[in-house]
Amino acid sequence: MHELLEPGMFVRHPGEPDWGLGQVQSNIGGRVTVNFEHQGKVVIDARRVDLTVVFDPGR
């Protein structure tokens, strides 16, 4: 799934709900940089964490 993540997509971290909504900044070799509302920029190994894609961030 991580290979489908592209810059601009919105995601949530299933293990860190308090981080809020995040926007993908980059995805290089499975290392995904995400800017989360309440945590800031985080680099995630998407081969180990299945980020949840949010298709309608307004809801």
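In this report, the structure presented in the accompanying data block is examined. What you see is a predicted model, and the numbers here were worked out from it, not measured in a lab.

**Digging into the environment of E3**
Right, so step 1: Take E3: it is sitting in the segment before β1 (10-12).
Right, so step 2: Take E3: its relative accessible area is 57%, and that puts it in the exposed class.

**Some words on the nonpolar core**
Right, so step 1: Counting residues in each nonpolar core, the largest one holds 12 residues, listed as L5, V11, W19, V24, V32, V34, F36, V42, I44, A46, L51 and V53.
Right, so step 2: A total of 3 residues in this core trace back to one element, the largest contributor, which is strand β3 (residues 31-36).

**Re the pattern of salt bridges**
Right, so step 1: Taken as a whole and judged by the stated rule, the model has 1 salt bridge.
Right, so step 2: Salt-bridge contacts for R47 lead to D45; the nearest nitrogen and oxygen are separated by 3.1 Å.
Right, so step 3: Judged by relative accessible area, which is 24%, D45 ranks as partly exposed.

**Section: the side chain of T33**
Right, so step 1: Relative to the assigned elements, T33 resides in strand β3.
Right, so step 2: Taking relative accessible area as the criterion, T33 reaches 16% and is therefore assigned buried.
Right, so step 3: Sequence-distant contacts of T33, defined by excluding residues within four places in its chain, comprise Q23, V24, Q25, S26, K41, V42 and V43.

**Some remarks on the sheet that holds strand β5 (residues 52-54)**
Right, so step 1: Taken together, the 5 strands give an open sheet; going across it, the order is β4-β3-β2-β1-β5, and neighbouring strands pair in antiparallel fashion. Two strands lie at the open edges of the sheet, namely β4 (40-45) and β5, each paired on one side alone. Strand-to-strand, the axes of this sheet are offset by a mean angle of 40 degrees, without reference to chain direction.
Right, so step 2: One ladder, built from 6 bridges, connects β3 with β4; its direction is antiparallel.

The rules behind these values
- Residues numbered from 1 in each chain as written.
- Predicted model: local features only at pLDDT ≥ 70, side-chain atom pairs only at ≥ 80, totals over all residues.
- Heavy atoms only, no water.
- Helix = DSSP H or I, 4+ residues; strand = E, 2+ residues; numbered from the N terminus.
- Buried < 20%, exposed > 50% of the residue type's maximum accessible area, 1.4 Å probe, protein only.
- Core = buried A, V, L, I, M, F, W, Y, C linked by side-chain atoms within 4.5 Å.
- Salt bridge = Lys/Arg side-chain N within 4 Å of Asp/Glu carboxyl O.
- Contact = heavy atoms within 4.5 Å.
- Pairing = 2+ DSSP bridges.
- Axes fitted to C-alpha atoms, helices over the stretch in contact; angles between N-to-C directions.

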